[in-house]
Amino acid sequence: MKIDIARQPLVPAFMTLFALAVAAMCVGIPMSDTETSGALPLLGGQLARFQAAYPVWSKFATGFMLLFTGMCAGRITIRYNLYTVGTCLPIPLYAIVACGIATGGNYLAGFAASMLLALATKNYCRAFCNGYGFDAIFRASLYLGLMPLVYAPGLPMLLLLPLAVLLFRRTLREVAVATAGLLLPVFTACYVSWGTGAEFTAPLIKLGQSAIEGMPLHLFLDIPLPALVMAGGIVLLDLTALFFFLADIYAAGTKPRFILFYNIGILILTLAVLCSPAATPEAFALLAVPSAILIPVFFVRIHRGIALPVYLVFLAAAFAGIFLQYYI
């Protein structure tokens, strides 16, 4: 019996996702100094303090977000038929990327930011329709606006709004609604700050400082070598999938093609976040969203005899990475 990993059905895909989530929760996740993490202001700081006070509940919450985000990525690809073949491969791939690379001590904020990115992507894809998509584009922009409040280095991800407007051909009315959704979280933070007696712009200043402090590329000097190798392998798969997609760009329909272009934009921005001065290992959780959607292009296009060993190698590396990053 020949196993075609590129056409992975739902049950084994979900079981792989579930196994990786359980392994990540049960092995034990290292704690960091949550009070001094400059990359986690505002909502991210609250999540970090919750993690320090309730580590067990934080693990359960992280496991739930991991399962939810993996299924969300899989639903996007199935609903819009991105690969011309039926596959649930993005579901385990999200967990392989998210769990296989060190996500840092403030894992709760990292996976929350990743979940917000996946929700924003799902709703922007829903807004790609013939009529008006006010509801979907507002919610997508709201999730996107919340992301920097959870993880400050994710501030460049706000550029996804103009990218979505251009690629998905939205009207000026929808742009106005989307802009309101994007600005609502930070405006609320400023209003709460003003109501407590602080400066109205204090959250904006803190967010900007948290997003630029540090040294560019320092992240790659701080993470363990196995995680660095895993990250390099994931980026290599992303670039190979990008090559396959561009080599036969019209193999997919119009909507799948533009959705894949949008995820290429997400990949570029997440790589920029990883290279930014304030980046921390939690940023690798953001990389898992576009990687889970783009990498299946590679597995669909290559021979099944090559796809299976490559998939098993990365799956084994993900399980090994979970143990190595927590015990070495």
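S.K.: Even after reading the chapter, I still don't get the overall build of the protein, so can you show me in this structure?
M.R.: Along the backbone of the protein there are 14 helices and 0 strands. Order of helices (α) and strands (β) in the protein, N terminus to C terminus: α-α-α-α-α-α-α-α-α-α-α-α-α-α. Taking 20 Å as the expected radius of gyration for a compact globule of 328 residues, we find that the protein reaches 19 Å, a close match to that expectation. Here the protein holds 328 residues, and 54% of them are scored as buried.

S.K.: I would appreciate a short explanation of the pattern of salt bridges in the present structure.
M.R.: Opposite charge on two side chains permits pairing when their charged atoms draw close. All chains considered together, the criterion is met by 2 salt bridges. With its nearest N and O atoms 2.9 Å apart, the salt bridge here joins Arg 170 to Glu 174. Across the pair, Glu 174 and Arg 170 agree in class, each one buried.

S.K.: Sorry if this is basic, but what is going on with the side chain of Asn 123 here?
M.R.: The residue Asn 123 is located in helix 5 (residues 107–126) in this model. A distance of 2.6 Å separates the side chain of Asn 123 from the side chain of Arg 139, its partner in a polar contact.

S.K.: Before we go on, may I ask you to explain helix 11 (residues 225–247) in this structure?
M.R.: Three or four residues apart is the spacing at which side chains of an α-helix point the same way, because the helix has 3.6 residues per turn. Taking 1.5 Å per residue as the helical rise, helix 11 with its 23 residues ought to reach 33 Å, and the 33 Å between its terminal C-alpha atoms agrees with that figure. The set of residues buried in helix 11 consists of Ala 227, Met 230, Ala 231, Gly 233, Ile 234, Leu 237, Asp 238, Ala 241 and Phe 245.

S.K.: For this particular structure, what's the right way to read the side chain of Glu 282?
M.R.: For Glu 282, the position within the fold is in the loop between helix 12 (254–275) and helix 13 (284–301). Buried within the structure, Glu 282 lacks any salt-bridge partner; its nearest side chain of opposite charge belongs to Arg 49, at an N-O separation of 14 Å. In terms of polar contacts, Glu 282 uses its side chain to reach the side chain of Thr 280, at 2.4 Å.

S.K.: How do you make sense of the packing of aromatic side chains when you look at a structure like this?
M.R.: Per the stated rule, a full pass over the model turns up 17 aromatic pairs. A centroid spacing of 6.3 Å and a plane angle of 50 degrees characterise the contact between Trp 57 and Phe 60, whose relative ring orientation is tilted. Placement of both Trp 57 and Phe 60 in helix 3 (residues 55–79) is noted, with a separation of 3 residues, approximately one turn of the helix. A single burial state applies to Trp 57 and to Phe 60, both of which are exposed. In this structure, Lys 255 packs its charged tip against the face of Phe 128, placed 5.6 Å from the ring centre.

S.K.: Would you mind going over the environment of Thr 171 with me for this structure?
M.R.: Along the chain, the position of Thr 171 falls in the loop between helix 7 (160–167) and helix 8 (172–195). For Thr 171, a relative accessible area of 32% corresponds to the partly exposed category.

S.K.: Just to check I follow, could you spell out a positive patch on the surface for this structure?
M.R.: Taken together, the side chains of Arg 75, Arg 79, Arg 126 and Lys 255 make up a positively charged region of the molecular surface. Note that Lys 255 resides in helix 12.

S.K.: Help me out: how do you make sense of the environment of Ala 211 in this one?
M.R.: By the element assignment, Ala 211 lies in helix 9 (residues 202–212). Along the primary structure Ala 211 and Phe 284 are separated by 73 residues, whereas in three dimensions their C-alpha atoms are 16 Å apart. When near neighbours in sequence (up to four residues on either side) are disregarded, Ala 211 contacts Ala 152, Leu 155 and Ala 278.

S.K.: How should the confidence of the model for the protein be read in this particular structure?
M.R.: Parts of the prediction with low pLDDT should not have their coordinates interpreted in detail. Across the protein, the average pLDDT comes to 85, with 92% of residues at or above 70. With pLDDT under 50 throughout, residues 30–36 is counted as low confidence; its partners more than four residues away or in other chains account for 13 contacts.

S.K.: How do you make sense of a nonpolar patch on the surface when you look at a structure like this?
M.R.: A contiguous nonpolar patch, built from Leu 10, Val 11, Phe 14, Met 15 and Phe 18 and spanning about 470 Å² of accessible area, is present on the exposed surface. By the element assignment, Phe 14 lies in helix 1 (residues 10–27). The exposure class assigned to Phe 14 is partly exposed, which follows from its relative accessible area of 30%.

S.K.: When you look at the nonpolar core in this model, what are you seeing that I'm missing?
M.R.: If you look at soluble globular proteins, the nonpolar side chains tend to sit buried side by side. Ranked by size, the top nonpolar core spans 103 residues in total, and within it Ile 96, Tyr 124, Leu 144, Met 157, Phe 168 and Phe 299 carry the most contacts. Other than its neighbours up to four places away in sequence, Phe 168 contacts Tyr 124, Cys 125, Phe 128, Phe 258, Ile 259 and Tyr 262.

S.K.: In this structure, what is going on with the packing of helix 3 against helix 5? I would like to understand it.
M.R.: Relative orientation and spacing of two packed helices are given, respectively, by the angle between their axes and the distance between those axes. Contact pair helix 3 / helix 5: the axes reach a minimum separation of 9 Å and the direction vectors enclose 25 degrees. Of the possible angle classes, the one that applies to helix 3 and helix 5 is roughly parallel. Relative to helix 5, the crossing made by helix 3 is left-handed. Within the contact of helix 3 with helix 5, the residues separate by chemical class into 15 nonpolar, 5 polar and 5 charged.

How each quantity is defined
Residues numbered from 1 in each chain as written. Predicted model: local features only at pLDDT ≥ 70, side-chain atom pairs only at ≥ 80, totals over all residues. Heavy atoms only, no water. Helix = DSSP H or I, 4+ residues; strand = E, 2+ residues; numbered from the N terminus. Rg over C-alpha atoms; globule rule 2.2 N^0.38 Å. Buried < 20%, exposed > 50% of the residue type's maximum accessible area, 1.4 Å probe, protein only. Salt bridge = Lys/Arg side-chain N within 4 Å of Asp/Glu carboxyl O. Polar contact = N/O pair within 3.5 Å; in protein donor to acceptor, adjacent residues only side chain to side chain. Expected span 1.5 Å × (residues − 1). Lys, Arg positive; Asp, Glu negative; His and termini not counted. Phe/Tyr/Trp six-rings, centres within 6.5 Å; stacked < 30°, edge-to-face > 60°. Lys NZ or Arg CZ within 6 Å of the ring centre and 35° of its normal. Patch = residues over 30% accessible without salt bridge, like charges linked within 9 Å, V, L, I, M, F, W, Y side chains within 5 Å. Areas by Shrake-Rupley, 256 points an atom, 1.4 Å probe, with all protein chains shown as cover. Charge placed at Lys NZ, Arg CZ, Asp CG, Glu CD. Contact = heavy atoms within 4.5 Å. pLDDT = per-residue confidence, 0-100. Core = buried A, V, L, I, M, F, W, Y, C linked by side-chain atoms within 4.5 Å. Axes fitted to C-alpha atoms, helices over the stretch in contact; angles between N-to-C directions. Parallel < 35°, antiparallel > 145°, perpendicular 65-115°, else oblique. Left-handed = near helix turned anticlockwise from the far one by under 90°. Nonpolar A, V, L, I, M, F, W, Y, C, P; charged D, E, K, R; others polar.

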